[in-house]
Amino acid sequence: MSKIFLNQVGFQPDSAKKAVLDFEADEFKIVDDAGNEAFNGRVIHFGKDEISGEDTYVADFGGFYKAGRYHVEANGVSSPNFEISENVYDKLMKDICKCFYYLRCGDALDRKYAGEFYHEPCHMSKATVYGEDTDPVDVTGGWHDAGDYGRYSTAGAVAVAHLLYGVRFFDNLLNVEFDIPKVQAGSASADNTSISGYLPDILAEAKVELDFLMKMQRENGSVWHKVTTFCHAPFIMPEEDTSELFLFNVSSMATADIAAVFALAYTIYRNYDAEYADKLMDRAKRAYKWLQDNPEPLLFKNAEGSNTGEYGEAEDISNRFWAACALYEATGEKSYYQDAETQKERLGSFDKAAEFKGYQGDVFTCLGWAEVAGLGCMSLLLSDDGSELFELAKKSYLQEADRLCDNADKNGFGLCMDKKDFIWGSNMELLKYLMVLTVAEHINSETATNAGGNGKLAKSVKKTRSKYESAIIAGIDYLLGCNSMDVSYVTGNGEKAFKNPHLRPTAIDDVEQPWPGLVSGGPNVGLQDERAQTLPKDLPPMKCYLDHIDCYSLNEITIYWNSPLVFVMAGVFRRMGR
Ligand code: G3I
Ligand code: 9MR
Ligand code: ZN
């Protein structure tokens, strides 16, 4: 059946706008909700590409600006409805942030804010330290990782980091309100503007995970890799999951990630609560000291018979690099810079050792749950010190962004992904790329502002949309429905949004719809679960997807698939001047 794919949420008035057709047509029209033709144009044949499996035709309506609700028509075929408006992404932004609240573990939910998605306090018992004869530890709180109820330190640190770098790069994120309980701020440091009252919502929510991560740190500074039951719970509500909780071994990746994210958090929370910020810095330094005293990698493997998330990594270099960069940016101390240089050299050689390479592109722009050197480079960019490492970060981001733009030219969707990116969590591969493009766009607009004085050059640059911005818009379009599955990968956002995430509470609660704002893992050629294996074997990468609750390898959700979208949308809001 012929289809017209497009962003089912919609477009800002002055944004690029397009639909992709999987059939031949000469012309298309935009029809408003009263049934009147509002615009028409010619369809351009793009051709076949290796990721979508379609022979694509593109309908470009970037020249149509009028706010309203519409659909596209061509040869009698209609697209899903979409909107054009200045605030078209307001609901999306609120929803993607609020999901962290629904994922809270412990006794932090309030019926008033959680509404029909409320659950009773969960995972309140102390956790047994696996393989040690010590007292059980209170590690309550934080966010459930995903469709399962595990809480994992590296995954948690990375998700918080995406949110907090979002705040550092785009402080407009501080204005986003998403209806969660208010948290009183303390008093700010003497050398900072004192902001009394409440923490902005995004900081109140991030604090929930930071507080939990503090509990994951041992006296000696090291950090437990995860706290989970021994095996994944069946499909039950979180409060019914009362099996024994275990704190599994310490890892150097978890310790380094925590040092980094605490240092980053320090730079933000010191504006609101000096005492809390000092605690973060003290914890960051304690973790860092442990890393210095333990220079060999302490990797992680699941205990025999345990099947909860492993989050294994082949090395810990990128994590140590991130920790050094974040501490350098937060303190300005040269010794951290020198450590970052050392890790940078090691990372360079590691990057050449192809057998470990679980990522595409430049190692210095990696932003995943495992490879995190890109986060380190974001700290270097924030340090803005003109150093060699700063230049390396800048160059890496711009070069990687150029590579992504080249990719985007190769398919009718304008999607910057490569065939190899359609692995478990492919939507995160995309969102990491959109973060890279967002940072690159930011670097260029900053450079333009500085070079032009009074931002004049920046304004003249702004008139033509940069190729980075175009690739970001195309990526958001893909996520929200402009893909050959004809699905929006964000629940509650888009007429054909996916509805059946692999998410335990959603699977068994009595509520028809899932929480709005969840990002699906997305298409994955690996098809690593039983239900996914019922799909035909020769599907093109973009079509290796099924909206089924059983499909954990295609349709799960996680905190670190939502968090990069928050960063990317914060950049979109900034460019909209909001
Ligand atoms: O690194 C290889 C790469 O070299 C290879 O080319 C590519 C092709 O298969 O695979 C890459 O490895 C993938 C790896 O993720 C790297 O991202 C594996 O195939 C893939 O199986 C692995 O998936 C991870 C999955 O756990 C299984 O370990 C996901 O990234 C990760 O997000 C997911 O995390 C789970 C937690 O364990 C438990 N909680 C839910 C969460 C989300 O599903
Ligand atoms: O629900 C689990 C999901 O969160 C994980 O990503 C996935 C891989 O670790 O495992 C899922 O749990 C499955 C378990 O591994 C095997 N039995 C079926 C479970 C899902 O129903
Ligand atoms: Zn819980």
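Residues numbered from 1 in each chain as written. Chains lettered and ligands numbered in written order. Predicted model: local features only at pLDDT ≥ 70, side-chain atom pairs only at ≥ 80, totals over all residues. Heavy atoms only, no water.

Colleague: Describe in detail the overall build of the chain, supporting the description with residues and values.
Modeller: Tallying secondary structure elements over the chain gives 16 helices and 13 strands in all. For the chain, whose C-alpha radius of gyration is 23 Å, the value lies close to the compact-globule estimate of 25 Å for 578 residues. Considering only C-alpha atoms, the chain reaches an extent of 70 × 60 × 50 Å along its principal axes. Counting contacts in the chain only where the partners sit at least 6 residues apart, residues at least 24 apart contribute 71% of the total. Of the roughly 22100 Å² of accessible surface on the chain, a fraction of 47% belongs to carbon and sulfur atoms. On the chain, the mean spot of the 57 positive side-chain charges and the mean spot of the 88 negative ones are 4 Å from each other. (Helix = DSSP H or I, 4+ residues; strand = E, 2+ residues; numbered from the N terminus. Rg over C-alpha atoms; globule rule 2.2 N^0.38 Å. Contact = heavy atoms within 4.5 Å. Areas by Shrake-Rupley, 256 points an atom, 1.4 Å probe, with all protein chains shown as cover. Lys, Arg positive; Asp, Glu negative; His and termini not counted. Charge placed at Lys NZ, Arg CZ, Asp CG, Glu CD.)

Colleague: Give me the site of ligand 1: which residues, what numbers.
Modeller: Ligand 1 sits among 16 residues. The nearest are Asp145, Asp148, Trp424, Glu556 and Tyr560. Contact distances for ligand 1 include 3.1 Å between an oxygen atom and a side-chain N or O atom of Gln528. Here ligand 1, which alone exposes 770 Å², has 63% of that area covered by the protein. A breakdown of the residues in the shell around ligand 1 according to their chemical character gives eight nonpolar, four polar and four charged. (Near = heavy atom within 4 Å. Polar contact = N/O pair within 3.5 Å; in protein donor to acceptor, adjacent residues only side chain to side chain. Nonpolar A, V, L, I, M, F, W, Y, C, P; charged D, E, K, R; others polar.)

Colleague: Give me the lowdown on the pairing of strand β6 (residues 55-60), citing residues and values where you can.
Modeller: One ladder, built from four bridges, connects strand β3 (residues 18-21) with β6; its direction is antiparallel. Residue pairing across strands places Leu21 opposite Tyr57, the latter belonging to β6. Both strand β5 (residues 37-48) and β6 contribute to a ladder of five bridges, which runs antiparallel. When the sheet's bridge partners are listed, Lys48 is paired in β6 with Asp55. Here β5 folds back onto β6 in antiparallel fashion, the turn holding six residues, of which Gly53 has a positive phi close to 75°. (Pairing = 2+ DSSP bridges.)

Colleague: I'd like a rundown of the coordination of the zinc ion (ligand 3), residues and numbers included.
Modeller: For the zinc ion (ligand 3), the full set of protein donor atoms is Cys105 (SG), Cys122 (SG), His123 (ND1) and His144 (NE2), at a range of 2.0 to 2.3 Å. Here the donor residues of the zinc ion (ligand 3) share one chain and are spaced in sequence as C-x16-C-H-x20-H. With a gap of 22 residues between them, Cys122 in the loop between α2 (111-114) and β10 (128-129) and His144 in the loop between β10 and β11 (151-152) connect regions that are remote in the sequence. Taking the relative accessible area as the measure of exposure, Cys122 reaches 1% and is therefore buried. (Donors = N, O, S within 2.8 Å, 3.2 Å for Na, K, Ca; no water. Buried < 20%, exposed > 50% of the residue type's maximum accessible area, 1.4 Å probe, protein only.)

Colleague: I'd like a description of the site of ligand 2, backed by residues and values.
Modeller: Looking at ligand 2, the residues that line it are Asp148, His232, Phe235, Asn307, Trp424, His502, Arg504, Tyr552 and Glu556. Calculation on ligand 2 without its partners gives an accessible area of 450 Å², and the protein chains cover 65% of this total. Among the residues forming the shell around ligand 2, the class breakdown is three nonpolar, three polar and three charged.

Colleague: Can you explain the packing of aromatic side chains? Please cite residues and give values.
Modeller: The tally for this structure, following the rule as stated, stands at 35 aromatic pairs. Ring plane angle 65° and centroid distance 5.2 Å describe the contact between Tyr328 and Tyr337, whose orientation is recorded as edge-to-face. With 5.8 Å between their ring centres and 75° between their planes, Tyr560 and Trp561 make a pair best called edge-to-face. Given the relative accessible area of 5%, Tyr560 is considered buried. Linked through ring pairs, Phe11, Phe28, Phe39, Phe61, Phe64, Tyr70 and Phe82 together constitute an aromatic cluster. Positioned above the aromatic ring of Tyr276 is the side chain of Lys207, whose terminal nitrogen or guanidinium carbon lies 4.6 Å from the ring centre. Sitting over the ring of Tyr337, Lys334 keeps its end group 4.3 Å from the ring centre. (Phe/Tyr/Trp six-rings, centres within 6.5 Å; stacked < 30°, edge-to-face > 60°. Lys NZ or Arg CZ within 6 Å of the ring centre and 35° of its normal.)

Colleague: I'd like a description of the packing of helix α3 (residues 153-169) against helix α5 (residues 252-269), backed by residues and values.
Modeller: Each packed pair of helices is defined by two parameters, the angle between the axes and the distance between the axes. Running from N to C, α3 and α5 point in directions that differ by 25°, and their axes come no closer than 9 Å. With respect to their mutual orientation, α3 and α5 come out roughly parallel. Seen from above, α3 lies across α5 with left-handed handedness. Seen from α3, the contacting residues are Ser153, Thr154, Ala157, Val158, Val160, Ala161, Leu164, Tyr165, Val167 and Arg168; seen from α5, they are Met253, Ala254, Asp257, Ile258, Val261, Leu264, Ala265, Thr267, Ile268 and Tyr269. (Axes fitted to C-alpha atoms, helices over the stretch in contact; angles between N-to-C directions. Parallel < 35°, antiparallel > 145°, perpendicular 65-115°, else oblique. Left-handed = near helix turned anticlockwise from the far one by under 90°.)

Colleague: Can you break down helix α1 (residues 90-102) residue by residue, with the values?
Modeller: Across its 13 residues, α1 extends 19 Å between first and last C-alpha, which sits within 8% of the 18 Å expected from 1.5 Å per residue. Most of α1 is tucked away, with 10 of its 13 residues classed as buried. Leu92, Met93, Asp95, Ile96, Cys97, Lys98, Cys99, Phe100, Tyr101 and Tyr102 are the residues of α1 that are buried. On its buried face, α1 sits against α2, α3, α4 (201-215) and α16 (559-575). (Expected span 1.5 Å × (residues − 1).)

Colleague: So what about the pattern of salt bridges? Which residues, and what values?
Modeller: By the definition in use, this model includes 26 salt bridges. Among the salt bridges present, the one from Glu27 reaches Arg42, with a minimum N-O distance of 3.8 Å. Taken together, the residues Glu27 in strand β4 (residues 27-32) and Arg42 in strand β5 connect sequence positions 15 residues apart. A salt bridge links Lys207 to Asp211, with the shortest nitrogen-to-oxygen separation between them at 3.2 Å. (Salt bridge = Lys/Arg side-chain N within 4 Å of Asp/Glu carboxyl O.)

Colleague: How would you sum up the side chain of Thr506? Please name residues and give values.
Modeller: Mapped onto the secondary structure, Thr506 falls in helix α14 (residues 504-508). Look at Thr506 and you get buried, because its relative accessible area is 9%. With near-sequence residues (within four places) excluded, Thr506 lies in contact with Pro501, Pro514 and Trp515.

Colleague: Mind laying out the pairing of β5, listing which residues take part and the relevant values?
Modeller: Where β4 meets β5, five bridges bridge the pair, whose relative direction is antiparallel. Within β5, the residue paired with Phe28 across the bridge is Gly41. If you look at the hairpin formed by β4 and β5, you'll find four residues sitting between the two strands, and Gly35 has a positive phi there, around 90°.

Colleague: Which residues make up the environment of Ala188, and what values go with them?
Modeller: Counting through the fold element by element, Ala188 comes out in the loop between α3 and α4. C-alpha separation for the pair Ala188 and Glu275, spaced 87 residues apart in sequence, amounts to 8.2 Å.

Colleague: Just give me the short version of the sheet that holds strand β12 (residues 226-228), but keep the residues and values in it.
Modeller: Pairing is mixed in the open sheet, where four strands are placed in the order β10-β13-β12-β11. The sheet is open, and its two edges are formed by β10 and β11, each paired on a single side. In this sheet, β12 lies alongside β11 in antiparallel orientation, the contact comprising two bridges. Its bridge partner being in β12, Arg151 is matched across the sheet by Val227.

Colleague: Give me unusual backbone geometry: which residues, what numbers.
Modeller: Despite not being glycine, Asn75 has its phi angle at roughly 45°, a positive value. Looking at the element boundaries, Asn75 is found in the loop between β7 (68-74) and β8 (77-78). The exposed category is assigned to Asn75, whose relative accessible area is 55%. Phi is positive for His123, close to 50°, though the residue is something other than glycine. Topologically, His123 is positioned in the loop between α2 and β10.

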